[in-house]
Amino acid sequence: MKAQVNEIKQGLQHFHGSETIFQIPLLRIRYTNGLKYLAEAAECFWLITDASVIAQNLMNQSEFITIDFKRLSEDKQDFTGYEAEIIYTDGNDNILEKHGYRTTDFPLDELRLFFVNNTLMLPSEY
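Residues numbered from 1 in each chain as written. Predicted model: local features only at pLDDT ≥ 70, side-chain atom pairs only at ≥ 80, totals over all residues. Heavy atoms only, no water.

Caption draft 1: Broad picture of the overall build of the protein. If you tally the helices and strands in the protein, you get four helices and seven strands. A globule of 126 residues ought to have a C-alpha radius of gyration of about 14 Å, and the protein, at 14 Å, matches this closely. Oriented by its inertia axes, the alpha-carbon framework of the protein measures out at about 40 × 35 × 25 Å. When each of the 126 residues of the protein is scored for burial, the buried share is 42%. Here the contacts in the protein between residues at least 6 apart in sequence split such that 57% fall between residues at least 24 apart. Counting every atom, the protein has about 7400 Å² of accessible surface; 47% of that belongs to carbon and sulfur. Charged side chains of the protein number 11 positive and 19 negative; the gap between the two group centres comes to 2 Å. (Helix = DSSP H or I, 4+ residues; strand = E, 2+ residues; numbered from the N terminus. Rg over C-alpha atoms; globule rule 2.2 N^0.38 Å. Buried < 20%, exposed > 50% of the residue type's maximum accessible area, 1.4 Å probe, protein only. Contact = heavy atoms within 4.5 Å. Areas by Shrake-Rupley, 256 points an atom, 1.4 Å probe, with all protein chains shown as cover. Lys, Arg positive; Asp, Glu negative; His and termini not counted. Charge placed at Lys NZ, Arg CZ, Asp CG, Glu CD.)

In structure tokens form, the structure reads like this:
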């Protein structure tokens, strides 16, 4: 069962650095303790996989990538047909790629992740 939004937000505050690194075997992409917690609490392994694959493909444009998940306002949802979007930047607000999601069951309205050295992490784990 999914954890509630406040519970997830509180849980995410406990991750600073990561002694344990996990791996998506076929992709050879690593992710941190904080991401493992998020994936289990929010049942969003799809987010780790999607963000990692896309960020990995952008590594030739930037060694450091920010990944911003954002649920769109109702007006923007009506206009675009997407419930949420993920924007990938080089950390200096230069957009490298943008992906819209027509529907999502991700419980948070927004989330920022970093992708560096083939590893997906929370900003507090950087």
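Caption draft 2: Looking closely at the nonpolar core. Counting residues in each nonpolar core, the largest one holds 33 residues, and the members touching the most others are Leu-38, Ile-67, Phe-106, Leu-111 and Leu-120. Going through the elements one at a time, α1 (5-12), β2 (29-32), α2 (33-41), α3 (45-58), β3 (64-71), β4 (84-89) and β6 (110-116) are the ones with two or more residues in this core. The biggest single contributor to this core is α3, with six residues. Aside from chain neighbours lying at most four places away, what touches Leu-111 is Leu-12, Leu-38, Leu-47, Ile-67, Asp-68, Phe-69 and Phe-106. (Core = buried A, V, L, I, M, F, W, Y, C linked by side-chain atoms within 4.5 Å.)

Caption draft 3: Region of the structure containing the packing of aromatic side chains. Per the stated rule, a full pass over the model turns up seven aromatic pairs. Within the aromatic cluster, the residues linked to one another by ring pairs are Phe-64, Phe-114 and Tyr-126. Lying over the aromatic face of Phe-22, Lys-36 brings its terminal NZ or CZ to 5.4 Å of the ring centre. (Phe/Tyr/Trp six-rings, centres within 6.5 Å; stacked < 30°, edge-to-face > 60°. Lys NZ or Arg CZ within 6 Å of the ring centre and 35° of its normal.)

Caption draft 4: Examining the pairing of β4 more closely. Within β4, six of the six residues are buried, leaving the element largely enclosed by the surrounding structure. A two-sided burial pattern is seen for β4, the buried positions comprising Ala-84, Ile-86 and Tyr-88 on one face and Glu-85, Ile-87 and Thr-89 on the other. Counting the residues that bridge the hairpin from β4 to strand β5 (residues 95-101) gives five residues, and of these Gly-91 lies at a positive phi of roughly 90°. (Pairing = 2+ DSSP bridges.)

Caption draft 5: Representation of the environment of Arg-28 in the model. With respect to the helices and strands, Arg-28 occurs in the loop between β1 (21-24) and β2. Here Arg-28 falls in the exposed class, since its relative accessible area comes to 62%. In this structure the C-alpha to C-alpha distance between Arg-28 and Gln-56, which are 28 residues apart in sequence, comes to 10.0 Å. In contact with Arg-28, other than residues within four places in its own chain, are Gln-23, Gln-56 and Asn-118.

Caption draft 6: Region of interest: the layout of surface pockets. Of the pockets and cavities examined, the largest pocket occupies roughly 340 Å³. Lining the largest pocket are 18 residues, with Asp-68, Phe-69, Glu-110, Leu-111 and Arg-112 sitting closest to its centre. For the lining of the largest pocket, the class distribution of residues is seven nonpolar, four polar and seven charged. (1 Å grid on protein atoms, 1.4 Å probe; cavity = no way out; pocket = protein on both sides within 12 Å on 5 of 7 lines; lining within 4 Å. Points joined across faces, edges and corners; volume = space filled by probe spheres on them. Nonpolar A, V, L, I, M, F, W, Y, C, P; charged D, E, K, R; others polar.)

Caption draft 7: Up close: the pattern of salt bridges. Scanning the model with the defined rule gives five salt bridges in all. Residue Asp-68 pairs with Arg-112 through a salt bridge whose shortest N-O separation is 2.8 Å. A residue pair is termed long-range when its members are at least 10 positions apart, and Asp-68 in strand β3 and Arg-112 in strand β6 qualify at 44 residues. Between Lys-70 and Glu-110 there is a salt bridge whose closest N-O contact spans 3.6 Å. Of this pair, Lys-70 sits in strand β3 while Glu-110 sits in strand β6; the two residues are 40 residues apart in sequence, bridging distant segments of the chain. What makes Lys-70 partly exposed here is its relative accessible area of 43%. (Salt bridge = Lys/Arg side-chain N within 4 Å of Asp/Glu carboxyl O.)

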